[in-house]
Amino acid sequence: MLVHQTMTGHLLVGKWNIIDGKAIAIEPKSIASDPYNRFVHVIFYLSDGDMLALSDARKFAKIILGKKKDLESLPELKELGPEPLDKNFKFSDFKKTISSKTGKIKQVLMDQKVISGIGNIYSDDILWLARINPFMPANKISDGKLKGLFKATLTILKKAIKLRGSSISDFRDTAGKKGGYGKAMLVYRREGEKCLRNDGGIIVRKKIGGRSAHFCPVCQKL
Ligand SMILES: [Zn+2]
């Protein structure tokens, strides 16, 4: 079974009553009390009595059931780049992947075909931590900076997972709770604020493609 949560989908574990075709959460309270958990479209009944539900406000999420090889050949999985937290994913793989690209590093990091799992918030924070300007062409980054970028990627992703995501919008964890990374963001949505390095820099926001890049012009010089 392949679950693609897309933008607003999230999986919840709890108990629901089905009343007139509508799922009403009974427990835990964290699911029942948050309106973002109310868009339940599918419920699986688990053997231990719990239920697994997919809540999705925008209805873009999908669940596909099929043979393993058929699922693996779907573009959602087939075209996905390597998982950066895989223990077999080494700096040499990262370097090979990144340094062959001529695009701006922020866009390269966010390209799911290059590396999977890095979105807008985390790419900004990763680049700040590695002191790299988001507009820097990927193939122009020095080896030393690339090593820092690799390290920063792992650091930020691990921290985000530990804090259970960002939840600046709809995302909730399986208990229906908000993640804590939104309060730990380093540059994302800090436009106009002082750089956390206290280097005199003020965080700016600039457009790259359709997205916004937040960075410090002092410690992330081009
Ligand atoms: Zn700075």
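Residues numbered from 1 in each chain as written. Predicted model: local features only at pLDDT ≥ 70, side-chain atom pairs only at ≥ 80, totals over all residues. Heavy atoms only, no water.

1. So, the domain arrangement of the protein
Where interface size is given, it is often the accessible area lost as the parts come together that is meant.
Part 1 of the argument: Under the domain assignment, the protein is made up of domain 1 (2-64) and domain 2 (91-215).
Part 2 of the argument: One C-alpha centre belongs to domain 1, the other to domain 2; they are set 30 Å apart.
Part 3 of the argument: Approximately 810 Å² of surface area, both sides summed, lies buried where domain 1 meets domain 2, with 52% of it carried by carbon and sulfur atoms.
Part 4 of the argument: When the area that domain 1 buries against domain 2 is broken down by residue, the three leading residues are H10, S30 and Y36, summing to 45%.
Part 5 of the argument: For the interface between domain 1 and domain 2, the tally reads one salt bridge. (Domains from an automatic or database assignment. Buried area = accessible area lost by both parts, 1.4 Å probe. Salt bridge = Lys/Arg side-chain N within 4 Å of Asp/Glu carboxyl O.)

2. So, the environment of M110
Part 1 of the argument: Among the structural elements, M110 can be located in helix α5 (residues 105-110).
Part 2 of the argument: Ignoring anything within four residues of it in the chain, the contact list for M110 reads I118, G119, N120, S123 and R211. (Helix = DSSP H or I, 4+ residues; strand = E, 2+ residues; numbered from the N terminus. Contact = heavy atoms within 4.5 Å.)

3. Some details on the coordination of the zinc ion
Part 1 of the argument: Donor atoms from the polypeptide that bind the zinc ion are C195 (SG), D199 (OD), C216 (SG) and C219 (SG), placed at 2.0 to 2.3 Å.
Part 2 of the argument: Coordination at the zinc ion is tetrahedral, judged from the four donor atoms that bind it and the angles of 99 to 117° they form at the metal.
Part 3 of the argument: Positions of the donor residues of the zinc ion along the chain correspond to the pattern C-x3-D-x16-C-x2-C. Taken together, the residues D199 in the loop between α7 (143-162) and β7 (204-208) and C216 in the segment after β8 (211-215) connect sequence positions 17 residues apart.
Part 4 of the argument: Take D199: its relative accessible area is 27%, and that puts it in the partly exposed class. (Donors = N, O, S within 2.8 Å, 3.2 Å for Na, K, Ca; no water. Tetrahedral: all angles 85-135°; square planar, octahedral: opposite > 155°, others 65-115°. Buried < 20%, exposed > 50% of the residue type's maximum accessible area, 1.4 Å probe, protein only.)

4. Looking at the nonpolar core
Part 1 of the argument: Counting 36 residues, the largest nonpolar core has F94, I98, I105, L109, Y122, I126 and L149 as its most contacted members.
Part 2 of the argument: Of all the secondary structure elements, the ones that give two or more residues to this core are α4 (91-99), α5, α6 (120-129) and α7.
Part 3 of the argument: With sequence-adjacent residues up to four places away left out, F94 is seen in contact with F89, I115, L146, L149, F150 and T153.
Part 4 of the argument: Of all hydrophobic cores here, the second largest spans eight residues; its members include W16, I31, I43 and M51. (Core = buried A, V, L, I, M, F, W, Y, C linked by side-chain atoms within 4.5 Å.)

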